[in-house]
Amino acid sequence: GQGVSLALMTDPQPPDIPAKLKEMGPEGFFIHATKDGLAIVGNTPLAVRAAVYFHLEKIGWRHFFPNDAWRVVPRTDQIYTEYTALTRPDYESRSIWYSYGAGSKKAETDYRAWIEFNRLGGAFRAQTGHAYPAIVNRNKGEFGKHPEYFALLADGKRDTERIVEGRKFCVSNEGLVQLCITDALQQFAATPDQQMASLDPSDGPGSCECDHCKKIGGVSDRVFYLANRVAKAVGE
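Thresholds, definitions, all that
- Residues numbered from 1 in each chain as written.
- Predicted model: local features only at pLDDT ≥ 70, side-chain atom pairs only at ≥ 80, totals over all residues.
- Heavy atoms only, no water.
- 1 Å grid on protein atoms, 1.4 Å probe; cavity = no way out; pocket = protein on both sides within 12 Å on 5 of 7 lines; lining within 4 Å.
- Points joined across faces, edges and corners; volume = space filled by probe spheres on them.
- Helix = DSSP H or I, 4+ residues; strand = E, 2+ residues; numbered from the N terminus.
- Phe/Tyr/Trp six-rings, centres within 6.5 Å; stacked < 30°, edge-to-face > 60°.
- Buried < 20%, exposed > 50% of the residue type's maximum accessible area, 1.4 Å probe, protein only.
- Polar contact = N/O pair within 3.5 Å; in protein donor to acceptor, adjacent residues only side chain to side chain.
- Contact = heavy atoms within 4.5 Å.
- Patch = residues over 30% accessible without salt bridge, like charges linked within 9 Å, V, L, I, M, F, W, Y side chains within 5 Å.
- Areas by Shrake-Rupley, 256 points an atom, 1.4 Å probe, with all protein chains shown as cover.
- Salt bridge = Lys/Arg side-chain N within 4 Å of Asp/Glu carboxyl O.
- Nonpolar A, V, L, I, M, F, W, Y, C, P; charged D, E, K, R; others polar.
- Pairing = 2+ DSSP bridges.
- Axes fitted to C-alpha atoms, helices over the stretch in contact; angles between N-to-C directions.
- Core = buried A, V, L, I, M, F, W, Y, C linked by side-chain atoms within 4.5 Å.

Asks: Sorry, what's going on with empty space enclosed by the protein here?
Replies: Under the counting rule described, the total for this entry stands at 2 cavities of 30 Å³ or more. Together, Glu 27, Leu 46, Arg 49, Ala 50, Arg 94, Ile 115, Glu 116, Arg 119, Leu 120 and Gly 122 line the largest cavity. Contributing elements (two or more residues each) for the lining of the largest cavity: helix 1 (45-58) and helix 2 (105-117). The dominant element in the lining of the largest cavity, judged by the number of residues it contributes, is helix 1, at 3 residues.

Below, the structure is given as structure tokens:
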């Protein structure tokens, strides 16, 4: 019919909605557009919002960079165009961010508008920031009792004196592994809708020099050894 219709897959639907939409995850949406009507159905509110921006782009809107100067709003009375779309993003986590913040409320507002229009973000809230310092800070008592949980540095000392943000772990230490497993499980228990726990190491040098860690392999091998041990435990 005429006009604009926005709906969720869980709402009462006309019979011509593709059955495949149900299989397309939290960001799947269907659009049926005619010369005088627009019907959008999404699996979630996030999908419906993405579909609206998808259509705006179809009729000429653009938001190239996070600033009004790079926002293109077409001068037109025709908001309809004929097409159909049944789609979802290839990746459920999509983000480009300012490393140290936008720097002002205006820039932050512009950035968030740019994210929405370009359908960034996603249904999966990835957490990939440096995790080692946070693990230490959440478990100060245990690390205080067990300096051997920290990496053995080239000078033969444990990595207990550098700033917390730069410290590394002795990933071959089973006590350290079990602490990281417990820490991850506690994060999920405290925040049931959390989708991921990061085990991203801190920046810089200082990987453990002990014989057991060296047997695991290079620096990357050790990082993934710990991550895989925790992932397996979380999965179980």
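Asks: Explain the packing of aromatic side chains to me, please; I cannot follow it from the model alone.
Replies: How two aromatic rings sit relative to each other is set out by the distance from centre to centre and by the angle between their planes. Under the defined criterion, the tally for this structure stands at 9 aromatic pairs. Arranged with centres 5.6 Å apart and planes meeting at 25°, the rings of Phe 143 and Phe 169 form a pair that is stacked. Here Phe 143, found in helix 4 (residues 140-145), pairs with Phe 169, found in the loop between helix 4 and helix 5 (174-190); they are 26 residues apart in sequence, far enough to count as distant. The same class applies to Phe 143 and to Phe 169, which are both buried.

Asks: What should I look at first to understand the side chain of Asp 159 in this one?
Replies: Among the secondary structure elements, Asp 159 is positioned in the loop between helix 4 and helix 5. A distance of 2.7 Å separates polar atoms of two side chains, one belonging to Asp 159 and the other to Arg 162. Leave out the neighbours within four places in its chain, and Asp 159 touches Phe 150, Ala 151, Leu 153, Gly 166, Arg 167 and Lys 168.

Asks: Please explain a nonpolar patch on the surface as it appears in this structure.
Replies: Taken together, the side chains of Phe 64, Phe 65, Trp 70 and Val 72 present a nonpolar region at the surface, about 410 Å² in accessible area. Within the secondary structure, Trp 70 is located in the loop between strand 4 (62-63) and strand 5 (71-72). The exposure class assigned to Trp 70 is partly exposed, which follows from its relative accessible area of 45%.

Asks: Where do I start with the layout of surface pockets in this structure?
Replies: Take a probe with the size of a water molecule and roll it over the atoms, and the empty space left behind shows itself. When its volume is computed, the largest pocket comes out at roughly 170 Å³. Tallied by class, residues from the lining of the largest pocket come to 4 nonpolar, 5 polar and 1 charged.

Asks: So what exactly am I meant to see when it comes to the sheet that holds strand 3 (residues 37-42) here?
Replies: Think of a sheet as strands paired side by side through backbone hydrogen bonds, with each pair either parallel or antiparallel. One open sheet holds the 4 strands; their spatial order is 1-3-2-6, and the pairing between them is mixed. Lying at the two open borders of the sheet, with one neighbouring strand each, are strand 1 (3-8) and strand 6 (83-87). Across the sheet, the mean angle separating the axes of adjacent strands is 5° when strand polarity is ignored. Two strands pair when backbone bridges link them, and strand 2 (residues 29-33) and strand 6 are joined in this way by 5 bridges, in the antiparallel orientation. Paired with Ala 33 across the two strands is Tyr 83, which belongs to strand 6.

Asks: Would you mind going over the nonpolar core with me for this structure?
Replies: Inside soluble globular proteins, nonpolar side chains tend to come together where they are buried. Core analysis: the largest hydrophobic core is formed by 25 residues, its most contacted members being Ile 135, Phe 143, Phe 169, Leu 176, Cys 180, Leu 226 and Val 230. Elements represented by at least two residues in this core include exactly helix 3 (132-138), helix 5 and helix 7 (219-235). When near neighbours in sequence (up to four residues on either side) are disregarded, Val 230 contacts Cys 180, Ile 181, Ala 184 and Leu 199. Ranked by size, the runner-up nonpolar core spans 13 residues in total, among them Ala 33, Ile 40, Phe 54 and Tyr 80.

Asks: Looking at this structure, how should I read the pairing of strand 2?
Replies: Successive side chains on a regular strand alternate, one facing one side of the sheet and the next facing the other. Counting buried positions along strand 2 gives 4 out of 5 residues, so the element sits mostly inside the fold. In the sheet, strand 2 pairs with strand 3 via 5 bridges, with the strands oriented antiparallel. Across the sheet, residue Phe 29 finds its bridge partner in strand 3, namely Gly 42. Where strand 2 hands over to strand 3, the hairpin turn is made up of 3 residues, counted between the paired strands.

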